[in-house]
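Understanding the architecture of this molecule
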Amino acid sequence: MRDTLHQMKEAGQENVLALRGDLPLEGSPCHDFEHASDLITFIRSEGNFCIGAACYPEKHPECPSREEDMDHLKRKVDAGADFLVTQMFFDNSLFYNFMMRALRHGIHVPICAGIMPICDPRQVDRAIKLSGSIMPPRFAAIADRFRSDRAAMEQAGIAYACGQIVDLIANGVEHIHLYTMNKPAIAKAIIDNLSHLFNLEEPHGD
């Protein structure tokens, strides 16, 4: 890990997203960095990187409670995380609730809202399994209605993601991360559709 960070530094890389990663399905995991906070502490000691970390509006699937999950998140920030990126979510109210809880825990670093456009019906069940995300009834209805038509599902998924982003921006959220699953055309469709929102200037008083 030290050699990797040195190579990154030599290449002029400045940003690191520090994730524990999924536990191996077979064998025993390495315990050098049992938690992401351990990895963040190590990266911080090895150089002046800008460090990002993950957070979970609906709590980490392995964590027994939201309170304990928030304690773990505070540990990441105290270890040196400069910003956070949320796991995907499909109900903005969960994100707003999470932001309030983070503030109460003394977490004040920038938080990027993670939006994943579900444009392939096969992604629906996988997204729920990976993230533990709650599918709101409105999105569940979209997935059920357009599941059998790939083109329609792609349009609906982009439209739903755009709706989430519009609501986030309207409510003052400044940082948004798109999970596009290596599909740049979908990212471009969202950016093109919301280009004026992303370039929006702050309102000025009279």
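Scroll up to find the structure this text is about.
Residues numbered from 1 in each chain as written. Predicted model: local features only at pLDDT ≥ 70, side-chain atom pairs only at ≥ 80, totals over all residues. Heavy atoms only, no water.

On to the nonpolar core. Buried together is how nonpolar side chains tend to be arranged in soluble globular proteins. The biggest cluster of nonpolar side chains holds 38 residues, and the ones touching the most others in it are Ile43, Leu84, Ile107 and Ile190. Setting aside residues up to four positions removed in sequence, Ile107 forms contacts with Met70, Leu73, Lys74, Val77, Leu84 and Ala102. Membership of the second largest hydrophobic core comes to 12 residues, among which are Met88, Phe90, Val124 and Phe139. (Core = buried A, V, L, I, M, F, W, Y, C linked by side-chain atoms within 4.5 Å. Buried < 20%, exposed > 50% of the residue type's maximum accessible area, 1.4 Å probe, protein only. Contact = heavy atoms within 4.5 Å.)

In a regular helix each residue adds 1.5 Å, so 21 residues correspond to 30 Å; helix H7 (residues 150-170) covers 30 Å between its end C-alpha atoms and thus fits that length. Turning to H7, its buried residues number three or more, namely Met153, Ala156, Gly157, Ile158, Tyr160, Ala161, Cys162, Gln164, Ile165 and Leu168. Near the N-terminus of H7, the side chain that reaches the backbone nitrogen of Ala151, with its oxygen 3.2 Å away, is that of Asp149. The positive-phi residue at the C-terminal boundary of H7 is Gly172, with phi of around 85°. (Helix = DSSP H or I, 4+ residues; strand = E, 2+ residues; numbered from the N terminus. Expected span 1.5 Å × (residues − 1). Polar contact = N/O pair within 3.5 Å; in protein donor to acceptor, adjacent residues only side chain to side chain.)

Turning our eyes to something else, we now look at the packing of aromatic side chains. Tallying each qualifying case throughout the model produces 5 aromatic pairs. Ring centres of Phe139 and Tyr160 lie 4.8 Å apart, and the angle between their planes is 65°; on these two criteria the pair is classed as edge-to-face. One end of the pair, Phe139, is in helix H6 (residues 137-146); the other, Tyr160, is in helix H7, with 21 residues separating them in the sequence. An identical accessibility class is assigned to Phe139 and Tyr160; each is buried. Taken together, the ring pairs connect Phe89, Phe95 and Tyr96 into an aromatic cluster. (Phe/Tyr/Trp six-rings, centres within 6.5 Å; stacked < 30°, edge-to-face > 60°.)

We now examine the pattern of salt bridges. Oppositely charged side chains can pair when the atoms bearing their charge come close. Throughout the structure, instances matching the rule amount to 5 salt bridges. Note that Glu46 and Arg2 form a salt bridge whose closest N and O atoms lie 3.1 Å from each other. Within this pair, whereas Glu46 is found in helix H2 (residues 36-46), its partner Arg2 is found in helix H1 (residues 2-10), the two being separated by 44 residues in sequence. Given the relative accessible area of 48%, Arg2 is considered partly exposed. (Salt bridge = Lys/Arg side-chain N within 4 Å of Asp/Glu carboxyl O.)

Looking now at unusual backbone geometry. For Lys59, which is not glycine, the phi dihedral falls at a positive 75°. In this structure, Lys59 sits in the loop between strand S2 (50-55) and helix H3 (66-79). If you check the backbone angles, Met181 has positive phi at about 55° while not being a glycine. Its location among the elements puts Met181 in the loop between strand S5 (176-178) and helix H8 (184-193).

What follows deals with the side chain of Lys76. Its location among the elements puts Lys76 in helix H3. Buried Lys76, no salt bridge; nearest opposite-charge side chain is Asp69, N-O distance 6.7 Å. With near-sequence residues (within four places) excluded, Lys76 lies in contact with Ala36, Ser37, Ile40, Ala53, Ala54 and Ala81. (Lys, Arg positive; Asp, Glu negative; His and termini not counted.)

Moving on, we get to empty space enclosed by the protein. Enumeration over the complete set of coordinates arrives at 1 cavity of 30 Å³ or more. Estimates place the volume of the largest cavity at around 40 Å³. Contributing to the lining of the largest cavity are Met116, Pro117, Cys119, Asp120, Gln123, Tyr179, Thr180, Met181, Lys183 and Ile186. By residue class, the composition of the lining of the largest cavity is 6 nonpolar, 2 polar and 2 charged. (1 Å grid on protein atoms, 1.4 Å probe; cavity = no way out; pocket = protein on both sides within 12 Å on 5 of 7 lines; lining within 4 Å. Points joined across faces, edges and corners; volume = space filled by probe spheres on them. Nonpolar A, V, L, I, M, F, W, Y, C, P; charged D, E, K, R; others polar.)

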